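Each chain is listed here by its residues.
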Amino acid sequence: HYDIFNIPDHWKQIHRECLSGAVRKSDQDTMLHKGQFEYIRWEIRPWYQGQDIGGLVMMTEKITDQVSMKRELEEAKNDLENKVHERTSELEAAVK
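Residues numbered from 1 in each chain as written. Predicted model: local features only at pLDDT ≥ 70, side-chain atom pairs only at ≥ 80, totals over all residues. Heavy atoms only, no water.

Visitor: Any chance you could break down the sheet that holds strand 3 (residues 52-62) for me, citing the residues and the numbers?
Guide: Spatially, 3 strands are ordered 1-2-3 in an open sheet, and the strand pairing comes out antiparallel. Sheet topology places strand 1 (24-33) and strand 3 at the edges, where each strand pairs with a single neighbour. Sheet twist, expressed as the mean angle between neighbouring strand axes with direction ignored, is 35°. In this sheet, strand 3 lies alongside strand 2 (residues 36-49) in antiparallel orientation, the contact comprising 10 bridges. Looking at the pairing, Ile40 lines up with Lys62 of strand 3. Of the strands in this sheet, strand 1, strand 2 and strand 3 are in contact with helix 1 (residues 9-19), which crosses strand 2 at around 20°. Across the sheet, helix 2 (residues 64-95) is in contact with strand 1, strand 2 and strand 3; its angle to strand 2 comes to roughly 135°. (Pairing = 2+ DSSP bridges. Helix = DSSP H or I, 4+ residues; strand = E, 2+ residues; numbered from the N terminus. Axes fitted to C-alpha atoms, helices over the stretch in contact; angles between N-to-C directions. Contact = heavy atoms within 4.5 Å.)

Visitor: Now, about the packing of aromatic side chains: what can you tell me, with residues and values included?
Guide: Applying the stated rule across the entire model yields 1 aromatic pair. The ring of Tyr2 has Lys12 lying over it, and the distance from NZ or CZ to the ring centre is 5.3 Å. (Phe/Tyr/Trp six-rings, centres within 6.5 Å; stacked < 30°, edge-to-face > 60°. Lys NZ or Arg CZ within 6 Å of the ring centre and 35° of its normal.)

Visitor: Describe the environment of Trp11, and please don't skip the residues or the numbers.
Guide: Tracing the sequence through the fold places Trp11 in helix 1. Taking the C-alpha atoms as reference points, Trp11 and Ala93, 82 residues apart in sequence, are found 58 Å from one another. Once you skip the residues sitting within four places of it in the chain, Trp11 turns out to touch Asp29, Ile40, Trp42 and Ile44.

Quick look at the structure:
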C-alpha cells in the first residue's frame, strides 16, 4: 500500500493504531488525489486471523459530489431566505 500511494504520516499513525486493535473512522475527510482534493468517508478496522491481528480492512467512499451538492443546497437556501426577508420588509413598508 505504501509503495503505491504517497501516504502522509498521520495516516500511517492511524494504520499503526488499528494494527494494535483500534477502529478509526471519519464521516468526512479530505485527501489529495491526482493533484485535486477529494472528500471521502472512511473506516479502518483490524482484520483478525483467529485471535491475532493479521492486517487491516479499509473502506473508503468518495463523497465529493455529495459534499458539493450539500454546499450548493445550503447556498440556495440562504439566498432564498434572504429574498424572503427582503420581500417581507418591502411588503411591511408598503403596508405602513
